[in-house]
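Descriptive structure summary
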Amino acid sequence: MTFNLTVSPDFAPSHISGWYYFNTWLQRQLDVGIHLELYDDFAQQREDLKNGSIDLIYANPYDASMLVRELGFKAVARPARRPDETVIVTLRSSDIHSVEDLKPGITVATTDDPDVHTMGMIMLEPADLDRSNINTRTVGGYVVVAKALLNGSADIGFFLKDAYEELSELVRKDLKVLVSSQISVIHHALLVGPKMQSHIPQLKEKLLTMGNNEKGAIVLENMGLSGWDPMSEEQTEFMIDLIDTLIPD
Amino acid sequence: MPEANKQGPRTVTLRYFDGTRREAEIINQEVPYPDGKLIVSRTDTKGIITHVNRAFVEMSGYSKEELIGANHAILRHPDMPTVAFEDLWKTIESGKKWHGYVKNLRKDGCYYWVKATVIPNIRNGKLVGYTSVRRKPSRSKISESETLYATLM
Ligand SMILES: Cc1cc2nc3c(=O)[nH]c(=O)nc-3n(C[C@H](O)[C@H](O)[C@H](O)COP(=O)(O)O)c2cc1C
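Described below are features of the structure shown in this document. Note that the coordinates shown come from a computational prediction; the quantities given were computed from them, not determined experimentally.

Along the backbone of chain A there are 10 helices and 11 strands. For 249 residues, the compact-globule estimate of 2.2 N^0.38 gives 18 Å, and chain A sits close to it at 19 Å. Counting only C-alpha atoms and orienting by the principal axes, one finds that chain A spans roughly 55 × 40 × 30 Å. Per-residue burial for chain A yields a buried fraction of 52% across its 249 residues. Sequence-distant contacts, at least 24 apart, represent 79% of the contacts inside chain A between residues at least 6 apart. Total accessible area computed for chain A in this model is approximately 11,000 Å², and 49% of it derives from carbon and sulfur atoms.

Looking now at the sheet that holds strand β2 (residues 33-37) of chain A. All names here are of chain A. Read across the sheet, six strands follow the order β2-β1-β3-β10-β4-β11 without closing on themselves; strand pairing throughout is mixed. Two strands lie at the open edges of the sheet, namely β2 and β11 (228-230), each paired on one side alone. Across the sheet, the mean angle from the axis of one strand to that of its neighbour is 25°, orientation sign disregarded. Pairing of strand β3 (residues 56-59) with strand β10 (residues 189-192), which is carried by four bridges, proceeds in the antiparallel orientation.

The next thing to look at is the interface of chain A and chain B. Chain A puts 22 residues into the contact, and the matching count from chain B is 25 residues. Summing both sides of the interface, chain A and chain B together bury roughly 1,900 Å²; the carbon and sulfur share of this comes to 51%. Broken down residue by residue, the surface that chain A buries against chain B is led by Phe238(A), Asp241(A) and Thr245(A), which jointly contribute 28%. The interface formed by chain A and chain B includes seven salt bridges. Between the two partners, chain A and chain B, sit 13 residue pairs in polar contact (both at pLDDT 80 or more). For the side of chain A that touches chain B, the leading source of residues is helix α10 (residues 233-246) of chain A, giving eight residues.

On to the sheet that holds strand β6 (residues 111-123) of chain B. Residues and elements named next belong to chain B. If you walk across this open sheet you meet the five strands as β4-β3-β7-β6-β5, and the pairing is antiparallel. Looking at strand neighbours, the two that pair on one side only are β4 (49-52) and β5 (98-105), the edges of this open sheet. Recorded for the sheet is a direction-independent mean angle of 30° between the axes of neighbouring strands.

Residues and elements named next belong to chain A. Those residues of helix α5 (residues 142-150) that sit buried are Tyr 142, Val 145, Ala 146, Ala 148 and Leu 149. Taken around the axis of α5, the buried residues stretch over an arc of 160°, which confines them to a single face. Pointing more than 90 degrees away from the buried face of α5 are the exposed residues Val 143 and Lys 147. At the C-terminal side of α5, Gly 152 shows a positive phi close to 80°.

This brings us to the packing of helix α1 (residues 16-30) of chain A against helix α9 (residues 214-223) of chain A. All names here are of chain A. Viewed as axis vectors pointing N to C, α1 and α9 meet at an angle of 150°, and their least axial separation amounts to 7 Å. On the basis of their axis angle, the class for α1 and α9 is roughly antiparallel. As for the relative orientation of α1 and α9, their crossing is left-handed in sense. Each of Gly 18, Trp 19, Tyr 21, Phe 22 and Trp 25 in α1 lies in contact with α9, whose residues at this interface are Gly 216, Val 219, Asn 222 and Met 223. Each residue belonging to the contact of α1 with α9 can be placed in one class, and the counts come to six nonpolar, three polar and no charged.

Scoring rules and cut-offs
Residues numbered from 1 in each chain as written. Chains lettered and ligands numbered in written order. Predicted model: local features only at pLDDT ≥ 70, side-chain atom pairs only at ≥ 80, totals over all residues. Heavy atoms only, no water. Helix = DSSP H or I, 4+ residues; strand = E, 2+ residues; numbered from the N terminus. Rg over C-alpha atoms; globule rule 2.2 N^0.38 Å. Buried < 20%, exposed > 50% of the residue type's maximum accessible area, 1.4 Å probe, protein only. Contact = heavy atoms within 4.5 Å. Areas by Shrake-Rupley, 256 points an atom, 1.4 Å probe, with all protein chains shown as cover. Pairing = 2+ DSSP bridges. Axes fitted to C-alpha atoms, helices over the stretch in contact; angles between N-to-C directions. Buried area = accessible area lost by both parts, 1.4 Å probe. Salt bridge = Lys/Arg side-chain N within 4 Å of Asp/Glu carboxyl O. Polar contact = N/O pair within 3.5 Å; in protein donor to acceptor, adjacent residues only side chain to side chain. Arc of directions from axis to C-beta. Parallel < 35°, antiparallel > 145°, perpendicular 65-115°, else oblique. Left-handed = near helix turned anticlockwise from the far one by under 90°. Nonpolar A, V, L, I, M, F, W, Y, C, P; charged D, E, K, R; others polar.

Following this line, the structure appears as structure tokens:
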């Protein structure tokens, strides 16, 4: 039997090859067939998750609730020292200096990355801004969010902090961060679906020691990760509860 | 805002739902909510604190050791009307999410406003406790709440 692996569509384009290396590495470690399926957008991926065709996913924290509580997935590990943090960014030359300076009617450039969008919206609340009084432009990636700011088609943009920091110096010199989240307990997670759960103990062991040998370390580097930390069932449930409190009813 | 609150430090007796009371010094000085942070705590089913994050410790002024095992009412500010917490408990005990604006009392007597969301924690179908996550409220919501709560005292 061949299992299906997928990755939250918000992965950095520069790490695509890393995920293919990871897939090869995993197949050797577990001695099973695994197919890697990548998606451009969250909607199509969620559909395939719901129809049961995915067995292993590096999931966006926002999707963890559906995966664990509705589809029976279990978390095995999370990326070490890689919490998902969000920044709200504007043009450096702008006379906006804090979130509280923002006014209704502004245009926000954002992506379909659900946890970053949710946190971005929460960080606008101190200025009494919400869905009802801002314009949202959802674009295909963080480089496009930066472009929207530079060409003036958006007033502010939501970025995954890591993605913002990976923008070129040339782009960032014209931008400034208005606010940066410091949550630290919301992060991606590697989740295993019902059909693959007998492999969990072995998978855990291999992931947690992945950086200890040269091959594993090279794969990690290509994925942009420094290693994996264990993730218990209770840690997963806690993160899901926390995210639940942030999602508007 | 009540008249007394505009003056300097004052000592009040806080009376809790369970009949206990404590004396607290109240200082009319707000500590602003830190940008970008979430203040997180968890309690057991009775409201006894079982977990706090660093932002909680920093904003409340208590140490983690003082907080774990304490009743969450340790943050109760005398300007908060009892009905707000009755509504909180009624909502979460019926399994639902509660949102509200809360004025909290720090250990040093100062206060801070939060927008709080509390949800029941369900594990294997059983209620095991509650999680509260607070974020930065807008000034307009704070003044609306001040006005509303003053009428409910
Ligand atoms: C998860 C959770 C978080 C709470 N957080 C607060 C809080 O931050 N401040 C507060 O005054 N009460 C909080 N409460 C409510 C207290 O348990 C308590 O009802 C309230 O302080 C009023 O005290 P009393 O019920 O003894 O009158 C919280 C309750 C729960 C379950």
